[in-house]
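What the coordinates show
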Amino acid sequence: MALNVVMLGPPGAGKGTQAERFATTHGLPKISTGDILREAVQAGTELGRIAKATMDAGELLGDDVMIGIAGERLKRSDTTRGFVLDGFPRTVTQATALDTIMDGRGPLVVVDIVVPEDVLLRRLAARRICGSCGVNALVEWTTTCGVCGGGLVTRTDDGDGIVRGRLKVYHRQTRPIVKFYSKRPTFRVIDGNQPPDAVTAAMDQAICQACTVPDPGKEIPL
Ligand code: ADP
């Protein structure tokens, strides 16, 4: 059975890091819509031109564009054994579309990483990415990229005012997804306010356990 994982959580919760670790350990593709958009911006494509201003403002791109991007990516053959989605869905409309995309492809295991707001603000202020290869890094730990040695820069959407705005956008537009998924037997909540390795272990355990749920339908039968 395919292992289809969706990562939920606010900006700074550690979704990207944990998605990467889980995907690598389990030999699955990590699909990050934020990374896809940042690559498009860097490559100067039409999508990148559309996306840049919206991302820099901390707003969400339109559902139609994002559903198109995710749908296309999930058609690729490397996803047949499963995938780890990071950053999609981000609205209930996107979540509903993902159910349609997933029809007949096995259940979604949905992981919600929960972190208190003050911790998120601290983390986002410290977050840097590599200016050369785009990998995530925390400035407390390093000043150069561990992958390619490039210099670290602040993401254009991690500036102080923008971060607060992004958290508001999260609460308004993305948080309702938790309710959308929370009654499913394959929904799990993870405490993200612990060291990265502890979050990785908790996620591994939660996902393995969720995968043994028999016949995980969309709702728990009443
Ligand atoms: P973070 O990891 O901080 O939550 P991402 O890297 O996932 O942020 O996304 C960065 C930006 O890309 C978002 O603020 C938004 O503008 C855009 N974006 C990414 N995924 C989506 C999506 N599914 N729907 C709409 N906009 C998106």
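Starting afresh in each chain, residues are numbered from 1 along the sequence in its written order. Side-chain atom pairs in this predicted model are given and counted only at pLDDT of 80 or more, local residue features only at pLDDT of at least 70, and totals for whole chains, interfaces and linings cover all residues. To obtain the side-chain values, all non-hydrogen atoms of the structure were used and water was disregarded.

1. A look at the packing of aromatic side chains
Stated formally: Think of it this way: a Phe, Tyr or Trp ring, Trp meaning its six-membered ring, pairs with another when their centres are within 6.5 Å, and the plane angle makes it stacked under 30 degrees, edge-to-face over 60, tilted otherwise. A 1.4 Å probe rolled over the protein chains alone gives each residue an accessible area, and that area as a share of the maximum for its type sets the label: buried under 20%, exposed over 50%, partly exposed in between.
Applying the stated rule across the entire model yields 1 aromatic pair. Ring centres of Phe-180 and Tyr-181 lie 5.1 Å apart, and the angle between their planes is 85°; this geometry places the pair in the edge-to-face category. With a relative accessible area of 24%, Phe-180 lands in the partly exposed category.

2. Here we look at the side chain of Arg-188
For the record, the criterion: A run of DSSP states H or I qualifies as a helix once it reaches four residues; a run of E qualifies as a strand once it reaches two. Both are numbered from the N-terminal end. Positive charges are assigned to Lys and Arg, negative charges to Asp and Glu, while His and the chain termini are left out of the count. When a carboxyl oxygen of Asp or Glu is within 4 Å of a side-chain nitrogen of Lys or Arg, the pair counts as a salt bridge. Identification of polar contacts relies on pairs of N or O atoms within 3.5 Å, with a donor-acceptor requirement for protein atoms, meaning one able to donate a hydrogen and the other able to accept it, and with residues adjacent in sequence counted only if both atoms are side-chain atoms.
Considering the arrangement of structural elements, one finds Arg-188 in strand S8 (residues 187-191). No salt bridge is formed by the buried Arg-188; its nearest oppositely charged neighbour, Asp-112, is found at 12 Å. A polar contact is formed between the side chain of Arg-188 and the side chain of Gln-209, at a distance of 3.0 Å.

3. Quick word on the pairing of strand S1 (residues 3-8)
What counts is decided by this rule: Any two strands between which DSSP finds at least two bridges are classified as paired.
In terms of residue burial, S1 counts as a mostly covered element, since 6 of its 6 residues are buried. Residues of S1 alternate between two faces, with Leu-3, Val-5 and Met-7 on one and Asn-4, Val-6 and Leu-8 on the opposite face, all of them buried. Here S1 pairs with strand S4 (residues 108-114) via 5 bridges, running parallel. Across the sheet, the residue bridging to Leu-8 is Asp-112, located in S4.

4. Comments concerning the site of the ligand
Rules: Whether a residue is near a molecule or strand depends on its heavy atoms: it is near if one of them lies within 4 Å of it.
In the region of the ligand, 19 residues are neighbours, and Thr-33, Glu-59, Gly-87, Arg-127 and Arg-166 sit closest. Here a nitrogen atom of the ligand and a backbone polar atom of Leu-61 are 3.1 Å apart.

5. Some thoughts on the sheet that holds S1
Going by this rule: Helix axes are fitted to C-alpha atoms over the stretch in contact, other axes to C-alpha atoms as well, and angles between N-to-C directions run from 0 to 180 degrees.
Taken together, 5 strands build an open sheet; the order of strands is S2-S3-S1-S4-S8 and the sheet is parallel. If you trace the sheet from one side to the other, it starts and ends with strand S2 (30-32) and S8, each paired once. Taking the axes of each pair of neighbouring strands and ignoring which way they run, one obtains an average angle of 20° across the sheet. Where S1 and strand S3 (residues 82-86) come together, 5 bridges link them in parallel fashion.

6. Let's talk about the confidence of the model for the protein chain
Basically, it comes down to this: Scored from 0 to 100, pLDDT records how confident the predictor is in each individual residue. Contacts were defined at the residue level, with two residues in contact if any of their heavy atoms lie within 4.5 Å.
Here the protein chain averages 90 in pLDDT, while 93% of its residues score no lower than 70. For the stretch residues 215-222, pLDDT sits under 50, and the model shows 12 contacts to residues farther than four places along the chain or on other chains.

7. Regarding the pattern of salt bridges
Oppositely charged side chains can pair when the atoms bearing their charge come close. As enumerated under the stated definition, the model contains 10 salt bridges in all. We note a salt bridge from Arg-21 to Asp-197, for which the minimum N-O separation is 2.8 Å. With Arg-21 in helix H1 (residues 15-26) and Asp-197 in helix H9 (residues 196-211), this residue pair connects regions lying 176 residues apart in the sequence. Judged by its relative accessible area of 29%, Arg-21 falls in the partly exposed class. Here Asp-112 makes a salt bridge to Arg-175, at a shortest N to O gap of 3.4 Å. Placement of the pair is Asp-112 in strand S4 and Arg-175 in the loop between helix H7 (160-174) and helix H8 (176-182), with a sequence separation of 63 residues. Counted as one network, the salt bridges with shared partners bring together Glu-20, Lys-30, Asp-35 and Arg-38.

8. Observations regarding helix H2 (residues 33-43)
We count it as follows: To obtain the arc, one takes the directions from the helix axis to the C-beta atoms.
Among all positions of H2, only Thr-33, Gly-34, Leu-37 and Ala-40 are buried. Projected down its long axis, H2 shows its buried positions confined to an angular sector of 125°, all on one face. Those residues of H2 that are exposed and aimed more than 90 degrees away from the buried face are Glu-39, Gln-42 and Ala-43. Of the residues flanking the end of H2, it is Gly-44, one or two places downstream, whose phi is positive at about 70°.

9. Brief notes about empty space enclosed by the protein
Note the cut-off: Only protein atoms enter the 1 Å grid used here. Points where a 1.4 Å probe fits but cannot escape make up a cavity, open sets with protein on both sides within 12 Å along at least five of seven lines make up a pocket, and a residue lines them when an atom lies within 4 Å of a point. Grid points are joined across faces, edges and corners, and a volume is the space filled by probe spheres set on the points.
Per the counting criterion, the structure on display carries 1 cavity of 30 Å³ or more. Forming the walls of the largest cavity are 10 residues, and the residues nearest its centre are Met-1, Ala-2, Pro-107, Val-109 and Cys-211. Elements that contribute at least two residues to the lining of the largest cavity include exactly S1 and H9.

10. Observations concerning the packing of helix H4 (residues 63-74) against helix H5 (residues 92-101)
Using the following cut-off: For this classification, under 35 degrees means roughly parallel, over 145 means roughly antiparallel, 65 to 115 means roughly perpendicular, and everything else is oblique. Crossing handedness follows the turn of the near helix against the far one: under a right angle anticlockwise gives a left-handed crossing, and clockwise gives a right-handed one. When residue character is reported, Ala, Val, Leu, Ile, Met, Phe, Trp, Tyr, Cys and Pro are called nonpolar, Asp, Glu, Lys and Arg charged, and the others, Gly included, polar.
At a closest axis distance of 10 Å, the pairing of H4 and H5 adopts a crossing angle of 30°. The orientation of H4 relative to H5 falls into the category roughly parallel. For the pair H4 and H5, the sense of crossing is right-handed. Here Asp-63, Met-66, Ile-67, Gly-71 and Leu-74 of H4 come into contact with H5, specifically with Thr-93, Gln-94, Ala-97, Leu-98 and Ile-101. Broken down by class, the residue content of the contact of H4 with H5 amounts to 6 nonpolar, 3 polar and 1 charged.

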